[in-house]
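Survey of secondary and tertiary structure
Chain residues, written in single-letter form:
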Amino acid sequence: HKQLKQKGISVRLPALAREIADRDRRDSERSAAPLRAADDAYRIDSTDLSPEEVVRIILARLAET
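Now for a quick tour of the structure.

Calculation criteria
- Within any chain, residue numbers begin from 1 and follow the written order of that chain's sequence.
- Reporting of local features is limited, given that this is a predicted model, to residues whose pLDDT is at least 70; pairs of side-chain atoms are given and counted only at 80 or more, and all residues count toward the totals for whole chains, interfaces and linings.
- Hydrogens are left out, water is left out, and the side-chain values use all remaining heavy atoms of the structure.
- Salt bridges, as used here, are contacts in which a Lys or Arg side-chain nitrogen is within 4 Å of a carboxyl oxygen on Asp or Glu.
- In this text, helices come from DSSP runs of H or I with a minimum length of four residues, and strands from runs of E with a minimum of two, each type numbered from the N-terminal end.
- Exposure classes here rest on a 1.4 Å probe applied to the protein chains alone. A residue is buried below 20% of its type maximum, exposed above 50%, and partly exposed in between.
- Patch building starts from residues that exceed 30% relative accessible area and form no salt bridge, then joins like charges within 9 Å and nonpolar side chains (Val, Leu, Ile, Met, Phe, Trp, Tyr) within 5 Å.
- Each accessible area is a Shrake-Rupley result for a 1.4 Å probe, and residues are judged covered by the shown protein chains and nothing else.

Another point: the pattern of salt bridges. Enumeration over the complete set of coordinates arrives at four salt bridges. E29 is paired through a salt bridge with R25; the nearest N and O atoms lie 3.4 Å apart. Of the two residues, E29 and R25 both sit in helix α2 (residues 13-29), four residues apart, roughly one turn of that helix. Judged by its relative accessible area of 55%, E29 is exposed.

Written out as structure tokens, the structure reads:
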């Protein structure tokens, strides 16, 4: 949103969020090379985490392997 505004493109955040969600849905449902996580992927829900907390989780996970 910020990048588009800096380029002078007028866009509303809710509309942009819908477009991104639609794109992600299409990408994950396409028949050729669908966009999805690997079966053995380690997922981190960073919704309520700071970037530093995410890095700590990643480093801890790497230390386990």
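A cluster of nonpolar residues, V55, I58, L59 and L62, forms a patch on the protein surface that exposes about 360 Å² of accessible area. Here L62 shows up in helix α3 (residues 51-64). On the basis of relative accessibility, which here comes to 52%, the residue L62 falls in the exposed class.

Any functional reading would require information beyond the geometric quantities listed.
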